[in-house]
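The residues making up each chain are set out below.
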Amino acid sequence: MYVPADVDSGRVEQRIVEAAAVLGPHGAVTGWAALCWSGARWFDGSDGRPVVIATHVNLRPDPRWVPCKEGIDPRDHDRVDGLPVTTAVRSVCFEARHAPDVATAVVALDMAAYSDLASLEECRVYTQWRLRTWTGVPQLRAALVLADENSWAPTESAMRLVWTDAGGMPRPLCNRPVFDLDGRHLGTPDLIDAELGVVGEYDGKDHFSSARRARDLTREERFRTHGLEPVTMVGADLADPAAFVARLRAAYQRASRRPAAERRWTLAQPRRWIPTETVAQRRALDPWDRARLLRHRRAESR
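Conventions adopted
- Numbering of residues starts from 1 in every chain and runs along the sequence as written.
- Local features are withheld for residues below a pLDDT of 70 in this predicted model, meaning they are given only at 70 or higher, and side-chain atom pairs are given and counted only at 80 or more; totals for whole chains, interfaces and linings count all residues.
- Processing note: side-chain calculations cover all non-hydrogen atoms of the structure and skip hydrogens and water entirely.
- Numbering of helices and strands starts at the N terminus; helices are DSSP runs of H or I of at least 4 residues and strands are runs of E of at least 2.
- When accessible area is computed with a 1.4 Å probe and restricted to protein chains, residues below 20% of their type maximum are described as buried, those above 50% as exposed, and intermediate ones as partly exposed.
- Ring pairs are drawn from Phe, Tyr and Trp, using the six-membered ring of Trp, whenever the two centres fall within 6.5 Å, and their geometry is named by plane angle: stacked under 30 degrees, edge-to-face over 60, tilted for the rest.
- The criterion for a charge sitting over a ring is simple: Lys NZ or Arg CZ within 6 Å of the ring centre, and within 35 degrees of the ring normal.
- Any pair of N or O atoms that falls within 3.5 Å is considered a polar contact. Within protein, one atom must be able to donate a hydrogen and the other to accept it, and sequence-neighbouring residues count only if both atoms are side-chain atoms.
- We count a salt bridge whenever a side-chain nitrogen from Lys or Arg sits within 4 Å of a carboxyl oxygen from Asp or Glu.

Asker: Sorry if this is basic, but what is going on with unusual backbone geometry here?
Answerer: Leave glycine aside and you will find that most residues have negative phi; peptide bonds, for their part, are mostly trans. You will see that His 26, though not glycine, has its phi angle at about 70°, which is positive. Tracing the backbone through its elements, the reader meets His 26 in the loop between α1 (12-20) and β1 (28-30). Overall, the relative accessible area of 72% leaves His 26 in the exposed class. Phi is positive for Asn 175, close to 45°, though the residue is something other than glycine. You can see Asn 175 is positioned in the loop between β6 (173-174) and β7 (178-180).

Asker: I would appreciate a short explanation of the packing of aromatic side chains in the present structure.
Answerer: Centre-to-centre distance and the angle between the planes together describe a pair of aromatic rings. Taken as a whole and assessed by the stated rule, the structure comprises three aromatic pairs. Arranged with centres 4.9 Å apart and planes meeting at 85°, the rings of Phe 179 and Trp 273 form a pair that is edge-to-face. Of this pair, Phe 179 sits in strand β7 while Trp 273 sits in the loop between β12 (265-266) and α11 (279-283), and the two are 94 residues apart along the sequence. Residue classification places Phe 179 among the buried positions, given a relative accessible area of 0%. For Trp 273, a relative accessible area of 26% corresponds to the partly exposed category. When the ring centre of Tyr 114 is taken as reference, the NZ or CZ atom of Arg 297 above it lies at 4.1 Å.

Asker: Please clarify how the side chain of Asp 237 should be interpreted in this entry.
Answerer: Here Asp 237 shows up in helix α9 (residues 235-239). On the basis of relative accessibility, which here comes to 5%, the residue Asp 237 falls in the buried class. Side-chain polar atoms of Asp 237 contact the side chain of Arg 247, separated by 2.6 Å.

Asker: Can you walk me through the pattern of salt bridges in this structure?
Answerer: It is possible for side chains bearing opposite charge to pair when their charged atoms get close. Applying the stated rule across the entire model yields 26 salt bridges. Notably, a salt bridge pairs Asp 116 with Arg 282, separated by 2.7 Å at the nearest N-O pair. Of the two residues, Asp 116 sits in the loop between α4 (102-114) and α5 (120-131) while Arg 282 sits in helix α11, which places them 166 residues apart along the sequence. Each member of the pair, Asp 116 together with Arg 282, is buried. Here the residues in one salt-bridge network are Glu 220, Arg 224, Glu 229, Arg 254, Arg 258 and Glu 262, joined through shared partners.

Written out as structure tokens, the structure reads:
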């Protein structure tokens, strides 16, 4: 088979198609590439990793793909737009099992759930009944305990892990809408401690424009006036979280001293509110509600 000279073989979709061309019978694209091909936003191949292909064909070494000899249960085969891939649950469990560490495995599970391709319960059941003693299963199980279905970006997942690991603080809720006591929506912070009201926000590069920064400051002040305690993480904190951990602990100290009478916020959702915190809730939305209620995730995530 040949590729026309004017085709950009660097595009992630083309990379996946070219890897699939060497699969042989009963093979399939798996891991991040299968999730990407199935529509997962955050598995875009931008890190330059080779495509993982599950095949028993003996292939010559090629930097564009990595063969995997793990067997594929016939129930794990899928075909998306004509391309043989493994199911989303099998693919993300593969990613988590072969990730370099638990934190990276957690991010993979979070981001597959973000696109509603695999719920954590589906992954737990698959792990229990279909994997058991496979390579990397202990890491996968550890990641499933820490994963969350409502993280909107890999950086938010990383911040949550720093919050609980290096920070030593209770596990926060992800992207949970906050309301005033009259039911008005105050905002949806990236993270929130439901007991003390410490809210965490990750500010990526898109937050540095003057207009966006002005909106962020207005939102932060709105949180404070209702008794919440904001703390912000920036990109540099991911490489060295010490400064963020210090800010986080200071925020917890301030929140713990705040009188209960100043708490003018709640996580109780008004009856009119349609929850979208879980994969099951989002899958149940009709197309109109899905477009209407989830469009802010793409605008806010980074």
